[in-house]
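Report on the structure
The primary structure of each chain is shown beneath.
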Amino acid sequence: MLRKLLFQQTPKAYRFLSTQSTLPLRNKGSVFSYCSSSQPEIPPSNSIEQLQDQPEKTISIDRSGLYNAPEHSHEPSTDSELVKHLKGIIKFRGGPISVAEYMEEVLTNPKAGFYINRDVFGAEGDFITSPEVSQMFGEMVGVWAMCLWEQMGQPKRVNLVELGPGRGTLMADLLRGASKFKIFMESLHIHMVECSPALQKLQHQKLKCMDEDSTTEGVDKMSRSTLAGTPVSWHATLEQVPTGLPTIIIAHEFYDALPVHQFQRGSRGWCEKMIDVTEASLFRFVLSPQPTPATLYLMKRCKWVVSEEVEKLNQIEVCPRAMDLTYTLAKRIGTDGGGALVIDYGLNGVVSDSLQAIRKHKFVNILDNPGSADLSAYVDFASIKHSAEEASDDVSVHGPITQSQFLGSLRINFRVEALLQNCKDEQAESLRTGYWRLVGDGEAPFWEGPEEQAPIGMGTRYMAMAIVNKKQGIPIPFQ
Ligand code: SAH
């Protein structure tokens, strides 16, 4: 999530950034063997493999104590609600939870999840995203949406869906930028897919929404954005967005927040990395003693790559939620028409070990005070492509291309020039910096402030991919 960093990271943090495994081949015999209880070297079923700094060292731990609860009476009373909740799940289940379950609870637990009760964005928050860097980002995404709408034959009614809209900045800039294009604006019904009530409220404010009684059957409340006179509705999931209309879907930095399962290659084959609680009431990683349900997704993911790619890796991350979401989204686009734009940081191939935690613009330990730091993982664009193609023969997938190519082809340079002609000196400075951050690469060459605060370019770390109904042809700027 270099992407999300406002400032340059410490050298220690950089070690986390080069997370793609470069370890030499370990298991030449079989490309892919699963952690299986039929293999002779497996430990007894009531023991788990603990992950330590040196992965070769494993110890067996008697897990039966986890079934006898009161051990936790020495639990520190300073535990947050979320920490108590996580420990409760582990305790009552009598065993560790997957990294994905941990990530989901940490980010979106309805009472205490990281996103649920607060605004985590910007310099005062934990991380910054492209729409918060510059208004030009939302405007360019708006240009993309309008071009697609034209390719769709200018339908009179369109659902414009944003997945995980954060503060609502991207959508506000998109609407302001597109407000002159009356026919496009009049066609839109905006659907914000957001699980956080606090962020829904912020989005409502950002879009300057007024609530009104709905005229649509089954919807009792509706809002209208006074920025552009467009109806706006909120939903917790994509499935809740009504079907039956051509749809344009935007997912910026949404996929990276979806929970990932982590697998590690060991003597027993591939085992899932899990999270447990020690006797001293601390979280720690362990390996699952037997195959887990998520192994099915690992097998599916690995079918989509050549075996040499898997052979190189000792760790693999899979994101079933991303695969399932893409399937749903592609089916919808295949049936209703339209397209989706996914922009995120990630790889166009299998991701090894990218999960990271960021608090106040600094990398922290994933297990440290969960709920107080953002967790995110690299997006596996290749798996999105395969999931979309599997879902529907009526969609085509384009990209990924870098954010710099995407914005450059949409002529962001013309936009920055136009804005620079009508602004004050201090605004010019922030426009230039914002422009560079969106399309630049590495450390900002013009930076004269403290080295550790030098802005980092998002131009090549972030990638854009489009999934469109084949009827529309190839979307701009993926030709
Ligand atoms: N797109 C925004 C915010 C990215 S952060 C930007 O670029 O600034 C991720 C966003 O997705 C947040 O709004 C978060 O609350 C939301 N989110 C995360 N997981 C979600 C889920 N499972 N369902 C719905 N929204 C989710």
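Residues numbered from 1 in each chain as written. Predicted model: local features only at pLDDT ≥ 70, side-chain atom pairs only at ≥ 80, totals over all residues. Heavy atoms only, no water.

**Quick word on the layout of surface pockets**
Of the volumes computed, that of the second largest pocket is approximately 740 Å³. Contributing to the lining of the second largest pocket are 38 residues, with Gly-164, Val-193, Cys-195, Phe-254 and Leu-258 lying nearest its centre. Looking at the lining of the second largest pocket, the elements that each hand over two or more residues are α3 (99-108), α4 (130-133), β4 (158-163), α6 (169-178) and α11 (320-336). When the residues that make up the lining of the second largest pocket are grouped by side-chain class, the tally is 19 nonpolar, eight polar and 11 charged. (1 Å grid on protein atoms, 1.4 Å probe; cavity = no way out; pocket = protein on both sides within 12 Å on 5 of 7 lines; lining within 4 Å. Points joined across faces, edges and corners; volume = space filled by probe spheres on them. Helix = DSSP H or I, 4+ residues; strand = E, 2+ residues; numbered from the N terminus. Nonpolar A, V, L, I, M, F, W, Y, C, P; charged D, E, K, R; others polar.)

**Describing the environment of Ser-281**
Along the chain, Ser-281 falls in the loop between β11 (269-277) and β12 (283-287). Here the alpha-carbon distance between Ser-281 and Asp-79, two residues 202 residues apart in the chain, equals 10.0 Å.

**Structural notes on the site of the ligand**
The ligand sits among 18 residues. The nearest are Thr-129, Gly-164, Gly-166, Glu-194 and His-252. Side-chain polar atom of Thr-129 to an oxygen atom of the ligand: 2.6 Å apart, as the coordinates give it. Here an oxygen atom of the ligand and a side-chain polar atom of Glu-194 are 2.6 Å apart. Taking 570 Å² as the accessible area of the ligand by itself, protein coverage stands at 95%. Of the pockets mapped on this structure, the ligand occupies the second largest pocket. Grouping the constituent residues of the shell around the ligand by class yields eight nonpolar, six polar and four charged. (Near = heavy atom within 4 Å. Polar contact = N/O pair within 3.5 Å; in protein donor to acceptor, adjacent residues only side chain to side chain. Areas by Shrake-Rupley, 256 points an atom, 1.4 Å probe, with all protein chains shown as cover. Sits in = over half its atoms within 2 Å of the grid points.)

**Concerning α3**
Counted residue by residue, α3 has seven buried out of 10 residues, so it is predominantly covered. Buried within α3 we find Val-99, Ala-100, Tyr-102, Met-103, Glu-105, Val-106 and Leu-107. Looking at the packing, one finds that the buried side of α3 touches α2 (81-93), β3 (97-98), β10 (261-266), β11, β12 and β17 (374-376). (Buried < 20%, exposed > 50% of the residue type's maximum accessible area, 1.4 Å probe, protein only. Contact = heavy atoms within 4.5 Å.)

**A short note on the packing of aromatic side chains**
Evaluated as defined, the whole model comprises 10 aromatic pairs. On the numbers, 5.3 Å between centres and 85° between planes, the contact of Phe-121 with Phe-127 is edge-to-face. Each member of the pair, Phe-121 together with Phe-127, is buried. Three or more aromatic residues link up through ring pairs in this structure, and these residues are Phe-114, Tyr-115, Phe-121 and Phe-127. For Lys-87, the ring lying beneath its charged end belongs to Phe-283, and the centroid distance is 5.7 Å. Looking at Lys-273, its charged tip hangs above the ring of Phe-285, at a distance of 4.8 Å from the centre. (Phe/Tyr/Trp six-rings, centres within 6.5 Å; stacked < 30°, edge-to-face > 60°. Lys NZ or Arg CZ within 6 Å of the ring centre and 35° of its normal.)

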